[in-house]
Amino acid sequence: MSRAEIQSFEPAVSSQPAPTTETPQPEKASKNPAGKVGMFVLLVFATSLAWHVASDLIAPGSSSGAVAASTTQMAARVPGQVSEIFVADNQRVKLGDRLFALDPASFDLAVRQAELALEQAILAADASTVNLTGAEAQVEQALANLEHNRTTMERTSALFERGLLPRTQLDAAELQLTSAQSSLEAARAALSAARLQSGAGEHSTPQVEAARVQLEQALLNREFATVTAPADGVITNLQMAVGQFVNAGSPALTFIESDQRWIVVDLRENR
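Residues numbered from 1 in each chain as written. Predicted model: local features only at pLDDT ≥ 70, side-chain atom pairs only at ≥ 80, totals over all residues. Heavy atoms only, no water.

Q: Got a sec to walk through the packing of aromatic side chains? Specific residues and values, please.
A: Overall, the coordinates contain zero aromatic pairs when judged by the stated rule. The ring of Phe 86 carries the charged tip of Arg 98 above its face, separated from the ring centre by 4.1 Å. (Phe/Tyr/Trp six-rings, centres within 6.5 Å; stacked < 30°, edge-to-face > 60°. Lys NZ or Arg CZ within 6 Å of the ring centre and 35° of its normal.)

Structure (structure tokens):
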């Protein structure tokens, strides 16, 4: 077979370019959601910080605080032996409630003694009134005696000048007149003393007034023997027992007033 024939059997090659197969490229990854979350968290944090700063400036707060109240150390105004206790620890009381009482026997006795002293002072004042009346009568008698002796002196002097009486009678008349004047002065002094003792009015002598003051003090001490609550509150720190002797002013319990309460808060400086 000839060369030309061999070549004729070669397959014909097309002149068109061969089709190419393209490899598909992956699409770009979608946007990462972590950025949005981070932005949201950052926004929330900034908002919270701004709210905290603003609220701290306008209405500051604190984590430490306490409720305080007015407390009073209750004590008796007079000394004595405790006879009754009407309250217990942590008990609520009202204004005027009895807390404790002292033995009233000694206070009753003091009141009785003061009453007797007042009665004696009034009797003495009555006696002074009688003495005043007697002193006034003595003054009147001394005045009458002085007038009589003055008249006698004038008559004796006239008779002596006429030569009808001796010198001795004139001297005796002068002596009696001088004595009458001294008696009047003494009576007036006694009257002034009686007036001072009797006072300005009925039963108003210094002794009577002093006895009345003592009686008022005795009555007041007997009232002080019972200690009452000064306001509404709570009893605490009770430190007494029946039969115990307490001195005036010695604290016996602590009284916490209910109406006087306030809150104590430790605030930090924010400016």
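Q: So, the nonpolar core: which residues are in play, and what are the values?
A: Counting 20 residues, the largest nonpolar core has Val 93, Leu 99, Phe 100, Leu 102, Ile 235 and Phe 255 as its most contacted members. When residues of this core are traced back to their parent elements, those giving at least two are strand S4 (98-102) and strand S8 (251-265). Among all residues touching Phe 100, those that are not within four sequence positions of it are Ala 76, Glu 84, Ile 85, Phe 86, Ala 225, Thr 226, Val 227, Met 240, Ala 252 and Leu 253. Within the second largest apolar cluster, 13 residues are counted, among which are Ala 135, Ala 142, Met 153 and Ala 180. (Core = buried A, V, L, I, M, F, W, Y, C linked by side-chain atoms within 4.5 Å. Buried < 20%, exposed > 50% of the residue type's maximum accessible area, 1.4 Å probe, protein only. Helix = DSSP H or I, 4+ residues; strand = E, 2+ residues; numbered from the N terminus. Contact = heavy atoms within 4.5 Å.)

Q: I'd like to hear about unusual backbone geometry, residue by residue, with values.
A: For Asn 90, which is not glycine, the phi torsion reads 65° and is therefore positive. Of note, Asn 90 is situated in the loop between strand S2 (80-85) and strand S3 (92-93). A relative accessible area of 60% places Asn 90 in the exposed class. In this structure, Asn 237 is a non-glycine residue whose phi angle is positive, near 55°. Structurally, Asn 237 can be placed in the loop between strand S6 (233-236) and strand S7 (245-246). On the accessibility criterion, Asn 237 (37% relative accessible area) is partly exposed.

Q: Hey, could you go over the environment of Leu 191 for me, with residue numbers and the actual values?
A: Considering the arrangement of structural elements, one finds Leu 191 in helix H4 (residues 167-198). Remark: the alpha-carbon pair of Leu 191 and Ala 135, spanning 56 residues in sequence, is separated by 4.8 Å.

Q: With reference to specific residues and values, describe the sheet that holds S6.
A: With antiparallel pairing, four strands are arranged side by side in an open sheet as S1-S8-S6-S3. Strands with a single pairing partner mark the edges of an open sheet, and in this sheet they are strand S1 (65-75) and S3. The pairing of S3 with S6 spans two bridges and is classified as antiparallel. Residue pairing in the sheet places Val 93 in a bridge with Gly 233 of S6. (Pairing = 2+ DSSP bridges.)

Q: Hey, could you go over the pattern of salt bridges for me, with residue numbers and the actual values?
A: In the structure shown here, the tally under the stated rule is five salt bridges. Of the charged contacts, one joins Arg 222 and Asp 108 as a salt bridge, the two residues approaching to 3.2 Å between their closest N and O atoms. Taken together, the residues span a long stretch of sequence, with Arg 222 in helix H5 (residues 206-224) and Asp 108 in helix H3 (residues 105-161) at a distance of 114 residues. Residues Glu 115 and Arg 112 are paired through a salt bridge, measuring 3.4 Å at the closest nitrogen-oxygen approach. Of the two residues, Glu 115 and Arg 112 both sit in helix H3, three residues apart, roughly one turn of that helix. On the accessibility criterion, Glu 115 (30% relative accessible area) is partly exposed. (Salt bridge = Lys/Arg side-chain N within 4 Å of Asp/Glu carboxyl O.)

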